[in-house]
Amino acid sequence: GDGRDRYALFDPAMYADILREAEERAELERALALEEFVVHYQPIVDLPTSRLIGVEALVRWEHPVRGMLGPGAFIPLAESTGLIVPLGRWVLRQACEQLAAWRTEFDTASGIRVNVNLSARQFQHEGLVEEVAGILRETGVDPHQIVLEITESLLMQDTESTIDTLGRLKALGVRLAIDDFGTGYSSLSYLKRFPVDILKIDRSFVDDIDTVDGDATLAEAVVQLGRALQLQTVAEGIETAEQWSTLQDLGCEYGQGYLFAKPGAASEISSILGGARV
Ligand code: C2E
Ligand code: CA
Ligand code: CA
Ligand code: CA
């Protein structure tokens, strides 16, 4: 009857879902307010020498109950709730403050870059460019040492406003990298329209090098695309010496991966800047 149908609107399972999402959102907001997040840094190296040329900032949540959580456990929720905007801003500020501290302590820090991930949601946020400008100004870092990583899918969305935002970011002096490159479907002519400086070759292409029968065809194609566009190329997820040497043969300049170093606390980068090898 009628009563039953109306009752079904309050399906307890659905209600529990909504409640859980609201609780998770509130927990994430609380964590931001309490600064329970921490930024780890993964070395990026020059492939021929394995010398440190930069680091990528990667956020973690030091959860009071669940322990250290990787981004996979909370970035999707941060994206869907929009909390990625204040979280991403916090990560950028943290990374810039860390770079400023490294520069005070180590002469070698003037030669490195710090990469920071920018989500599509942040990119579409109205105040992004002004916020980045404010953080650069307040922390006093050299904008040329900051690289903002954006995904290929973002570039495939829109066009005029994307090119405008990228241009305004570039005008601040920062560099731009395309993350997870090769996983989208951007064409060479399409990519030429965007003012990017660096391509980060997705881990899946690096993986192909020593799986199956050692097929480096796709990795080679992506490296060549980067060279054709006169962009720096950084290979992600290098885990084996074979991948390392093949990527060098293909002409890839830089790399990042567990073979060199896993993401770690800022103090681990300090040791390298102070003279230790990666
Ligand atoms: P990403 O930007 O592609 O970052 C690289 C990921 O690959 C990191 O995972 C890193 O730990 C992992 N990785 C590096 N070398 C290797 C390797 O040799 N083998 C394997 N299997 N993995 C490797 P992580 O730290 O878990 O981050 C995952 C993703 O979360 C990132 O992927 C990025 O999309 C997102 N993320 C992390 N921090 C932030 C942030 O501050 N803001 C935004 N918007 N996204 C972030
Ligand atoms: Ca990245
Ligand atoms: Ca990536
Ligand atoms: Ca592999």
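Residues numbered from 1 in each chain as written. Chains lettered and ligands numbered in written order. Predicted model: local features only at pLDDT ≥ 70, side-chain atom pairs only at ≥ 80, totals over all residues. Heavy atoms only, no water.

(A) Inspection of the site of ligand 1 at higher detail. In the vicinity of ligand 1 lie 21 residues, with Gln42, Arg60, Asp179, Glu239 and Tyr258 positioned nearest. Arginine 203 places a polar side-chain atom, nitrogen or oxygen, 3.1 Å from a nitrogen atom of ligand 1. Contacts to ligand 1 include glutamate 239, whose side-chain N or O atom sits 2.6 Å from a nitrogen atom. When isolated, ligand 1 has an accessible area of 800 Å², and the protein chains bury 80% of it. Those elements giving two or more residues to the shell around ligand 1 turn out to be β2 (51-63), α4 (84-105) and β6 (175-181). (Near = heavy atom within 4 Å. Polar contact = N/O pair within 3.5 Å; in protein donor to acceptor, adjacent residues only side chain to side chain. Areas by Shrake-Rupley, 256 points an atom, 1.4 Å probe, with all protein chains shown as cover. Helix = DSSP H or I, 4+ residues; strand = E, 2+ residues; numbered from the N terminus.)

(B) Representation of the side chain of glutamine 145 within the structure. As for its placement among the helices and strands, glutamine 145 is situated in the loop between α6 (128-139) and β5 (146-151). Judged by its relative accessible area of 4%, glutamine 145 is buried. With sequence-adjacent residues up to four places away left out, glutamine 145 is seen in contact with Leu99, Arg103, Ala109, Ser110, Gly111, Ile112, Arg113 and Val114. (Buried < 20%, exposed > 50% of the residue type's maximum accessible area, 1.4 Å probe, protein only. Contact = heavy atoms within 4.5 Å.)

(C) Representation of the coordination of the calcium ion (ligand 2). In the first shell of the calcium ion (ligand 2), the protein supplies Glu56 (OE), Asn117 (OD1), Glu149 (OE) and Asp179 (OD), at 2.1 to 2.3 Å from the metal. In this model, the calcium ion (ligand 2) sits 3.9 Å from the calcium ion (ligand 3), the two metals being bridged by aspartate 179. Placement of the pair is glutamate 56 in strand β2 and glutamate 149 in strand β5, with a sequence separation of 93 residues. Comparing glutamate 56 with glutamate 149, the two get one shared label, buried. (Donors = N, O, S within 2.8 Å, 3.2 Å for Na, K, Ca; no water.)

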